[in-house]
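# Reading the structure
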Amino acid sequence: MLLEDRVAIVTGGSSGVGRGICLEFAREGADVVVADIQEEPKRGIYHEQDTTTPTVEEVEKLGRKGLFVQTDVGDENSVREMIGKAVETFGRLDIVVNNAGVYTPGDSQELSVADWERIVNVDLKSAFLTTKFALPHLKKSPAGRIIHIASVHAYGGGGGPAYPAAKAGLVNLTRDTAVEVASDRITVNAICPGYIETAIQDYLTEEQIESVRERTPLPRFGKPRDIGRACVFFASDDGEWITGTDLPVDGGWMAPLF
């Protein structure tokens, strides 16, 4: 097992990509803290229609320990308390995955200021908060890892004024923190997913989804497991000399010139 007896926190771990990361970590021997605003998994119109069991239950079916901590990832005190609870329960912390994210469609005229602030809080500020409060514990680990889940939207516009900006900020936060903590042998990397089959895609129409399918070179959409396996690599000893990078996991979405 690549992550045997390590302890991981995954924000937004109840559903979608976060759930997939939790399950792949558990398969590789890690105990997992699921930090989310709700324990019940989201169910989508197009994807994850039949997802009903809590992530912790699935982690425990794989033979590992799980802990759900209700967390508002954009709130300083909530994040501090979540990390304290994780360390109190498991006695250590090795891996933090900042996966929690939200998206609201709309351009600069349609998106409210409150929506902009909510997106930036959840998608960017939360990663700073978890990093800030987790680092004292990660420095005690022989294999400290921070992994941010950004997006292919970090590399260009077209997704509204808040989401791409937050995800681009997350990529550069990755680089900055990687430099900061390198002397502590902690690695910091980002993963930039393309279209992943999760409930977050509910805002799209069937026509829009088909357009994305046609533009993706590999003949299928991504699954939460695909992001989970990339996270396993970065979290494992195989990734111990890789830091400050951002890895697209997108089925080739970014490969074509046009």
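Residues numbered from 1 in each chain as written. Predicted model: local features only at pLDDT ≥ 70, side-chain atom pairs only at ≥ 80, totals over all residues. Heavy atoms only, no water.

### A closer look at the pairing of strand β6 (residues 187–193)
Of all seven residues making up β6, seven are buried, and the element is well covered by its neighbours. Of the two faces of β6, the one carrying T187, N189, I191 and P193 and the one carrying V188, A190 and C192 are both buried. Both strand β5 (residues 145–149) and β6 contribute to a ladder of five bridges, which runs parallel. Note on β6: the bridge partner recorded for H148 is A190. Once you follow β5 into helix α5 (residues 163–181) and on to β6, the crossover reads as right-handed. (Buried < 20%, exposed > 50% of the residue type's maximum accessible area, 1.4 Å probe, protein only. Helix = DSSP H or I, 4+ residues; strand = E, 2+ residues; numbered from the N terminus. Pairing = 2+ DSSP bridges. Right-handed = clockwise from strand over helix to strand, strands pointing away.)

### Quick look at the packing of helix α3 (residues 76–90) against helix α4 (residues 113–138)
Remark: α3 packs on α4, axes separated minimally by 9 Å, with the N-to-C direction vectors making an angle of 30 degrees. Of the possible angle classes, the one that applies to α3 and α4 is roughly parallel. In this structure, α3 crosses over α4, and the sense of that crossing is right-handed. Here α3 contributes E76, V79, R80, M82, I83 and V87 to the contact with α4, which in turn contributes L129, T130, F133, A134 and H137. A class-by-class count of the residues in the contact of α3 with α4 yields seven nonpolar, two polar and two charged. (Axes fitted to C-alpha atoms, helices over the stretch in contact; angles between N-to-C directions. Parallel < 35°, antiparallel > 145°, perpendicular 65-115°, else oblique. Left-handed = near helix turned anticlockwise from the far one by under 90°. Contact = heavy atoms within 4.5 Å. Nonpolar A, V, L, I, M, F, W, Y, C, P; charged D, E, K, R; others polar.)

### Here we look at the packing of aromatic side chains
Where two aromatic rings form a pair, the distance of their centres and the angle of their planes describe that pair. Applying the stated criterion across every chain yields a total of four aromatic pairs. A ring pair is formed by Y103 and Y163, whose centres lie 5.2 Å apart and whose planes are at 80 degrees; its orientation type is edge-to-face. Note that Y103 is positioned in the loop between β4 (95–98) and α4 and Y163 in helix α5, a separation of 60 residues in sequence. Overall, the relative accessible area of 14% leaves Y163 in the buried class. On the numbers, 4.0 Å between centres and 25 degrees between planes, the contact of Y195 with F221 is stacked. Separated by 26 residues along the polypeptide, Y195 in the loop between β6 and α6 (206–215) and F221 in the loop between α6 and α7 (224–235) bring together distant segments of the chain. Residues Y195 and F221 agree in their burial class; the two are buried. Among the aromatic residues, those joined into a ring-pair cluster are Y103, Y163 and Y203. (Phe/Tyr/Trp six-rings, centres within 6.5 Å; stacked < 30°, edge-to-face > 60°.)

### Regarding the pattern of salt bridges
Two side chains carrying opposite charge are able to pair once their charged atoms lie near each other. By the definition in use, this model includes 15 salt bridges. R225 is paired through a salt bridge with E24; the nearest N and O atoms lie 3.8 Å apart. Placement of R225 in helix α7 and of E24 in helix α1 (residues 16–27) is noted, with a sequence separation of 201 residues between them. Overall, the relative accessible area of 2% leaves E24 in the buried class. Here R92 makes a salt bridge to D94, at a shortest N to O gap of 2.7 Å. Since its relative accessible area comes to 34%, R92 is described here as partly exposed. Through salt bridges with shared partners, a single network forms among E24, R27, E28, R225 and R229. (Salt bridge = Lys/Arg side-chain N within 4 Å of Asp/Glu carboxyl O.)

### Brief notes about the environment of R215
Inspection of the secondary structure puts R215 in helix α6. Note on R215: relative accessible area 36%, which makes it partly exposed. The spacing of R215 and G251 is 36 residues in sequence and 9.8 Å in space, taken between C-alpha atoms.

### Looking at α7
Spanning 12 residues, α7 covers 16 Å between terminal C-alpha atoms, matching the ideal 16 Å at 1.5 Å per step. When α7 is considered as a whole, its buried residues turn out to be P224, I227, G228, A230, C231, V232, F234 and A235. Of the surrounding elements, those touching the buried residues of α7 are α1, β4, β5, β6 and β7 (246–249). (Expected span 1.5 Å × (residues − 1).)

### Thoughts on the nonpolar core
Core analysis: the biggest nonpolar cluster contains 27 residues, and I21, F25, V97, I149, I191, I227 and C231 have the highest contact counts within it. Contributing elements (two or more residues each) for this core: β1 (7–11), α1, β2 (31–36), α2 (55–61), β4, β5 and α7. For V97, the residues in contact, after removing those within four places along its chain, are I9, V10, T11, I21, F25, I147, I149 and C231. Counting 24 residues, the second largest nonpolar core, distinct from the first, contains L67, A86, V96 and V181. (Core = buried A, V, L, I, M, F, W, Y, C linked by side-chain atoms within 4.5 Å.)

### Quick notes on the sheet that holds β4
Within the open sheet, the seven strands sit side by side as β3-β2-β1-β4-β5-β6-β7. Their pairing is parallel. Of all the strands in the sheet, just β3 (66–70) and β7 have a single pairing partner and so form its edges. Averaged over neighbouring strand pairs, the angle between their axes works out to 20 degrees when direction is ignored. Summarising the sheet, β4 and β5 pair through four bridges and their orientation is parallel. Bridge pairing links N98 to H148 in β5. Strands in contact with α4 are β1, β4 and β5; relative to β4, the strand with the most contacts, it is inclined by about 180 degrees. Packed onto the sheet, α5 meets β5, β6 and β7 and runs at close to 160 degrees relative to β6.

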